Amino acid sequence: MTGVLQGKNLVLGVTGSIACYKALDLASKLTQAGANVDTIMSYGATQFIPPLAFRSLTHRPVIVDTFDPDSELSIEHVQLAEKADLVVVAPATAHFIAKVAWGFADDPLTTTILATTAPVLIAPAMDGHMYENQATQDNIEKLKTRGIRFVGPASGHLASGLTGIGRLVEVPQLVGHISALLGRDGDLAGRTIVVSAGGTQEAIDPVRVITNHSSGKMGYALAEAARDRGARVVLVSAPTGLDDPAALEVVKVRSASEMRDAVLEAVKGADALVMAAAVADYQPADVSDQKIKKDSSALTIELERTPDILMEAQGSFLKIGFAAETEELLANAKDKLDRKALDLIVANDVSKEGSGFGADTNKVTLVGKSGEVEDLPLMSKHDVAHRILDRVKALLG
Ligand code: CTP
């Protein structure tokens, strides 16, 4: 495990909203990623979820009451405030936000927030009108000017039965924001990295496309890993079944030419371009305006070349390409490295088990500019991403 959450001390504040049930999943995901999660619950939160639920997921005591005479933890919230790498409050009610804005310290959570110097991330969840109320908005503004970060709320179905703003953002988004915040001073801080991902779609007619089996997982893993090492990341993504990663810029495209335009724009001033996308080499020469109807004869579609994005992208940034091959892995990869003037190429044999499209693992060989070859064992795409970024870091100097 090489993730930014590994070994980090996190305080998870939970306040009284029905969205508390999502905080259980958050506690579980953070713990699974290797973080030490100390939960502090407001009295209201304990009315929704028993503290034992958090204790069972985090394997650590849960703090619920400052003045519990039987608790060894009665002053520990100050220690927690000291050792925390980050305090996240999810869900945060309007009442809780108001208390923090006015500097109250009448329970363990508000006390911890007053006492900590760690970054604080607040994820509000409340009725839409409560969120929009000027009192809440003023409190949020006040906290933002003091450096407290907010994520959400999102819009959608609310527990009140209404639809609108006020939902707690989803757990993967929360984990992404927490990771980005923890990694903000990482070894790629100050760098801009453009990553392309997914398989492009070339339209034949309004309902049909030519595409490939790329899942986008390798590119998304690279974008998230670069974000967690402090980089500013622009992810240029062809269609995938994946959710947008949090805390980075996502530019959605469909075709190779759309990807070309987006990438050429994004690389202006960037430090590196990592082309993990499976870009179509050919597109239909004519795209039919109407759905093509079948008849008894065969159909021939004329294809023309798409732009080669890595070839066209010129500048002072590093260029990293991928070579997904089914034969002659090294020879093909070296040929692409030279032809496209790359600094590094990531070669993988997509016919091998565990390295194919859609897998969560990959077995790659890194080939550098001067021909040096680094064979990596089968590992998660997340770990492969970090090994590639280690090389990017070294090349950037
Ligand atoms: N690539 C690109 N623009 C294209 C095609 C590919 O920028 N039109 C990039 C890919 O994102 C990848 C690298 O070039 O990083 C190699 O892609 P690949 O499809 O393996 O190679 P091709 O150059 O298309 O050669 P071939 O299809 O003959 O293997």
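Counting starts from 1 at the beginning of each chain's written sequence and moves along it residue by residue. Local features in this predicted model are restricted to residues of pLDDT 70 or higher, and side-chain atom pairs are both shown and tallied only at a pLDDT of 80 or more, whereas totals for entire chains, interfaces and linings draw on every residue. Only hydrogens and water are removed before side-chain values are computed, so all heavy atoms of the structure are retained for them.

1. What to know about the packing of aromatic side chains
When two rings of Phe, Tyr or Trp (its six-membered ring) have centres within 6.5 Å they constitute a pair, described as stacked for plane angles under 30 degrees, edge-to-face for angles over 60, and tilted for the intermediate range. Scanning the entire structure with this criterion turns up 0 aromatic pairs. Note on criteria: charge over ring means Lys NZ or Arg CZ within 6 Å of the ring centre, with the direction from the centre no more than 35 degrees off the ring normal. Sitting over the face of the ring of Trp102, Lys142 holds its NZ or CZ atom 3.3 Å from the ring centroid. Over the ring of Tyr282 we find Arg305; its NZ or CZ atom is 5.8 Å from the centre of that ring.

2. Structural notes on the sheet that holds strand 6 (residues 149-150)
Any two strands with at least two DSSP bridges between them are considered paired. We count a stretch as a helix when DSSP gives it H or I for four or more residues in a row; a strand needs E for two or more, and each element gets its number in order from the N terminus. In space, the 6 strands of this open sheet follow the order 3-2-1-4-5-6, with parallel pairing throughout. Here the strands that pair on one side only, and so sit at the sheet edges, are strand 3 (62-63) and strand 6. Examined bridge by bridge, strand 4 (residues 86-92) and strand 5 (residues 120-124) share 4 bridges and lie parallel to one another. Pairing of Ala92 across the sheet is with Pro124, part of strand 5. Here, residues are in contact when the closest pair of their heavy atoms is within 4.5 Å. The axes are straight lines fitted to the C-alpha atoms, using for helices just the contacting stretch, and the angles between their N-to-C directions are given from 0 to 180°. With respect to the sheet, helix 1 (residues 20-32) is in contact with strand 1 (9-14), strand 2 (36-41) and strand 4, its orientation differing from that of strand 1 by roughly 170 degrees. Against the sheet, helix 3 (residues 51-58) touches strand 1, strand 2 and strand 3, its axis set at about 175 degrees to strand 2.

3. Concerning a nonpolar patch on the surface
Patch construction takes residues with relative accessible area above 30% that form no salt bridge. Like charges are linked within 9 Å, and nonpolar side chains (Val, Leu, Ile, Met, Phe, Trp, Tyr) are linked within 5 Å. Computed with the Shrake-Rupley method and a 1.4 Å probe, the accessible areas treat only the protein chains shown as cover for residues. Put simply, a salt bridge is a Lys or Arg side-chain nitrogen that is within 4 Å of an Asp or Glu carboxyl oxygen. On the surface, Tyr282, Leu299, Ile301 and Leu303 cluster together into a nonpolar patch covering about 380 Å² of accessible area. For Leu303, the position within the fold is in strand 16 (residues 303-305). Using a relative accessible area of 40% as the deciding quantity, one classes Leu303 as partly exposed. Relative accessible area decides the class of each residue, using a 1.4 Å probe on protein chains only: under 20% of the type maximum gives buried, over 50% gives exposed, and in between gives partly exposed.

4. Some words on the pattern of salt bridges
Counted under the stated rule, the structure contains 25 salt bridges. Across the pair Arg227 and Asp228 runs a salt bridge, and its minimum N-O distance is 2.8 Å. Asp228 carries the same exposure label as Arg227, and that label is buried. The structure contains a network of salt bridges with shared partners spanning Glu372, Glu374, Arg387 and Arg391.

5. What about the site of the ligand?
Near residues are defined by distance, with any heavy atom within 4 Å of the molecule or strand qualifying the residue. Taken together, 16 residues sit near the ligand, with Met275, Ala277, Asp281, Lys336 and Lys340 positioned nearest. Whenever a nitrogen or oxygen atom comes within 3.5 Å of another N or O atom, the pair is scored as a polar contact, on the condition that within protein one atom can donate a hydrogen and the other can accept it, and that pairs from neighbouring residues in sequence are kept only if both atoms are in side chains. In this structure, Asp281 approaches the ligand through a side-chain N or O atom, which is 2.7 Å from an oxygen atom. A distance of 2.8 Å separates a nitrogen atom of the ligand from a polar backbone atom of Pro307. Contact with the protein chains removes 79% of the 560 Å² of surface that the ligand exposes when unbound. It is strand 17 (residues 318-325) that contributes the most residues to the shell around the ligand, 4 residues altogether. A class-by-class count of the residues in the shell around the ligand yields 10 nonpolar, 2 polar and 4 charged. Each residue receives one of three labels: charged for Asp, Glu, Lys and Arg, nonpolar for Ala, Val, Leu, Ile, Met, Phe, Trp, Tyr, Cys and Pro, and polar for the others, Gly being one of them.

6. A closer look at the domain arrangement of the chain
Boundaries of every domain are those given by an automatic assignment or by a domain database. Domain boundaries in the chain define domain 1 (9-182) and domain 2 (192-396). For domain 1 versus domain 2, the separation of C-alpha centres amounts to 38 Å. Buried area adds together the accessible area that both of two parts lose upon being put together, with accessible area traced by a 1.4 Å probe. Of all residues in domain 1, Gln173, Ser179 and Ala180 give up the largest surface area on contact with domain 2, accounting jointly for 63% of the area buried on that side. In this structure, the connection of domain 1 to domain 2 is made through 0 salt bridges. On the surface where domain 1 and domain 2 come into contact, there are 1 residue pair in polar contact (both at pLDDT 80 or more). Across the side of domain 1 that touches domain 2, the residue classes tally to 1 nonpolar, 4 polar and no charged.

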